[in-house]
Amino acid sequence: MLQKSDQLKGKVALVTGATRGIGKAIAIRLASKGVNLLITGRSVDKLCEICNLAGKYEVKIHSLVADIKDPDTPAMLMEDLRYHFGKLDYLINNAGAAFAKPFENTTPEDWDYLMNVNAKAPYFVCREAIPLLKESQSGSIVNISSVVGRLGYEMQSAYSASKHALMGFTKVLAKELKPYNIRVHAVAPGGVATEMIDRMRPDILPEELIQPEEVAEVVDFLLNFRGNAIIDQINLRRVSGVPWQ
Ligand SMILES: NC(=O)c1ccc[n+]([C@@H]2O[C@H](COP(=O)([O-])OP(=O)(O)OC[C@H]3O[C@@H](n4cnc5c(N)ncnc54)[C@H](OP(=O)(O)O)[C@@H]3O)[C@@H](O)[C@H]2O)c1
């Protein structure tokens, strides 16, 4: 049997950007499956809220308030994991930022901001997490990319570049970590009903958006899937969109 429903129970996951949107849905989904959690983000109040929501399941949950761009954050996260849990099985690099701007108006500061949050931070969180994931014997990394990590949309040049960068190192990491039985995946959604899409694509009808819980379901599936097949990337598109684009 490839899927075991209780396979996640007792595991430890780090979910970045868990204060709202997709990260919140992933954190709650994993808690409901018995996964112990370290969650992070910048909003103290929202982290407390997620701890309370996820805390109704019988899991251990800790939060760390941190800016993912801060160069000290990856090491601090690993310290917290070692101190509170003594291990890490699943790393979900979800924290992300985006804005819509024409290419010609994009400033060096805009570029740096998105590259730092969407590409540099997950790169260094992965780097710090690898020793713990190796100890796990069956670790997984899920990098939340985007449809613009493989395509290009107008007004999203810097965002698209940052997600392409994320995809680039994800592909290499999948190969380098394979000998340690660590699976590395990318999930690339189209428009998901979160605050981010409200800002980026107010033209999309709310009822046409993918739900954050659907992305969380895919992450849950990836973490459970330990068969003979390796899954590289899962693309999710809106039901109103065109398949294979
Ligand atoms: N929504 C979509 O349509 C869509 C589509 C494809 C891919 N994605 C990707 O999915 C992921 C989640 O996006 P979302 O839609 O859930 O966005 P969101 O609602 O804006 O949430 C973003 C999350 O990232 C955290 N974050 C952002 N900047 C941070 C920073 N500097 N330091 C620490 N945490 C930071 C936020 O927490 P704080 O504000 O508390 O720090 C928040 O928890 C992102 O990687 C995004 O690129 C989204």
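A brief look at the structure comes next. Computed from a predicted structure; not experimentally measured.

1. Brief notes about the pairing of strand E5 (residues 140–144)
Here is step 1: The buried fraction of E5 is high, at five of five residues.
Here is step 2: Residues of E5 alternate between two faces, with Ser140, Val142 and Ile144 on one and Ile141 and Asn143 on the opposite face, all of them buried.
Here is step 3: For strand E4 (residues 90–93) and E5, the ladder comprises four bridges, and the chain directions are parallel. The partner of Tyr90 across the bridge, within E5, is Ser140.
Here is step 4: Two elements, E5 and strand E6 (residues 183–189), share five bridges in a ladder whose sense is parallel. What sits directly across from Asn143, in E6, is Ala186.
Here is step 5: The β-α-β motif built from E5, the intervening helix H5 (residues 157–177) and the parallel element E6 has right-handed crossover chirality.

2. Side note on helix H2 (residues 44–55)
Here is step 1: Compared with an ideal rise of 1.5 Å per residue, which puts twelve residues at 16 Å, H2 spans 16 Å between its outermost C-alpha atoms and is within 8% of the ideal.
Here is step 2: For H2, the set of buried residues is Leu47, Ile50, Cys51 and Ala54. End-on view of H2: buried residues confined to an arc of 105°, all on one side of the axis. Exposed positions of H2 whose direction lies more than 90 degrees from the buried face are Asp45 and Asn52.
Here is step 3: In this fold, the buried residues of H2 make contact with helix H1 (21–32), strand E2 (36–41) and strand E3 (61–65).

3. Some details on the layout of surface pockets
Here is step 1: If you add up the space inside the second largest pocket, you get close to 260 Å³.
Here is step 2: Along the walls of the second largest pocket sit 16 residues, with Ala174, Val184, Ile230, Ile231 and Asp232 positioned nearest its centre.
Here is step 3: Counting residues per element, the lining of the second largest pocket draws most heavily on H5, at five residues.
Here is step 4: Among the residues forming the lining of the second largest pocket, the class breakdown is seven nonpolar, four polar and five charged.

4. Description of the side chain of Thr19
Here is step 1: Examined against the element boundaries, Thr19 turns out to sit in the loop between strand E1 (12–16) and H1.
Here is step 2: In this structure Thr19 comes out as buried when scored by relative accessible area, which is 9%.
Here is step 3: Dropping the residues within four chain positions of it, Thr19 is found in contact with Lys24, Thr40, Gly41, Arg42, Ser43, Lys46, Leu47 and Ile50.

5. Digging into the pattern of salt bridges
Here is step 1: In the structure shown here, the tally under the stated rule is eleven salt bridges.
Here is step 2: Beyond isolated ion pairs, a larger network of salt bridges with shared partners links Arg20, Lys46 and Glu195.

6. A few points about the site of the ligand
Here is step 1: The full set close to the ligand counts 29 residues, and Thr19, Arg42, Tyr159, Val192 and Thr194 are the nearest of them.
Here is step 2: Asp67 has a polar side-chain atom sitting 2.9 Å from a nitrogen atom of the ligand.
Here is step 3: In the complex, 97% of the free accessible area of the ligand, which totals 870 Å², lies under the protein chains.
Here is step 4: Contributions of two or more residues to the shell around the ligand are made by H1, H5 and helix H6 (195–200).
Here is step 5: In terms of residue count, the dominant contributor to the shell around the ligand is H6 (three residues).

7. Quick look at the sheet that holds E5
Here is step 1: Strand order in the open sheet formed by seven strands is E3-E2-E1-E4-E5-E6-E7, and the pairing between neighbours is parallel. Strand pairing shows two members of the sheet lacking a second neighbour, E3 and strand E7 (233–236), which therefore form its edges. Taking the axes of each pair of neighbouring strands and ignoring which way they run, one obtains an average angle of 15° across the sheet.
Here is step 2: In the packing of helix H3 (residues 73–84) onto the sheet, contacts are made with E1, E2 and E3, and the angle to E3 comes to roughly 155°.

8. Focus on the packing of aromatic side chains
Here is step 1: Summed over the entire model, instances satisfying the criterion amount to three aromatic pairs.
Here is step 2: Between the aromatic rings of Tyr123 and Phe169, the centroid separation amounts to 5.1 Å while the plane-to-plane angle is 70°, which identifies the pairing as edge-to-face. Of this pair, Tyr123 sits in helix H4 (residues 108–136) while Phe169 is found in helix H5, placing the two residues 46 residues apart along the sequence.
Here is step 3: For Tyr123, a relative accessible area of 42% translates into the label partly exposed.
Here is step 4: Overall, the relative accessible area of 11% leaves Phe169 in the buried class.
Here is step 5: Arranged with centres 5.4 Å apart and planes meeting at 45°, the rings of Phe221 and Phe225 form a pair that is tilted.
Here is step 6: Judged by its relative accessible area of 32%, Phe221 is partly exposed.

Parameters at a glance
- Residues numbered from 1 in each chain as written.
- Predicted model: local features only at pLDDT ≥ 70, side-chain atom pairs only at ≥ 80, totals over all residues.
- Heavy atoms only, no water.
- Buried < 20%, exposed > 50% of the residue type's maximum accessible area, 1.4 Å probe, protein only.
- Helix = DSSP H or I, 4+ residues; strand = E, 2+ residues; numbered from the N terminus.
- Pairing = 2+ DSSP bridges.
- Right-handed = clockwise from strand over helix to strand, strands pointing away.
- Expected span 1.5 Å × (residues − 1).
- Arc of directions from axis to C-beta.
- Contact = heavy atoms within 4.5 Å.
- 1 Å grid on protein atoms, 1.4 Å probe; cavity = no way out; pocket = protein on both sides within 12 Å on 5 of 7 lines; lining within 4 Å.
- Points joined across faces, edges and corners; volume = space filled by probe spheres on them.
- Nonpolar A, V, L, I, M, F, W, Y, C, P; charged D, E, K, R; others polar.
- Salt bridge = Lys/Arg side-chain N within 4 Å of Asp/Glu carboxyl O.
- Near = heavy atom within 4 Å.
- Polar contact = N/O pair within 3.5 Å; in protein donor to acceptor, adjacent residues only side chain to side chain.
- Areas by Shrake-Rupley, 256 points an atom, 1.4 Å probe, with all protein chains shown as cover.
- Axes fitted to C-alpha atoms, helices over the stretch in contact; angles between N-to-C directions.
- Phe/Tyr/Trp six-rings, centres within 6.5 Å; stacked < 30°, edge-to-face > 60°.

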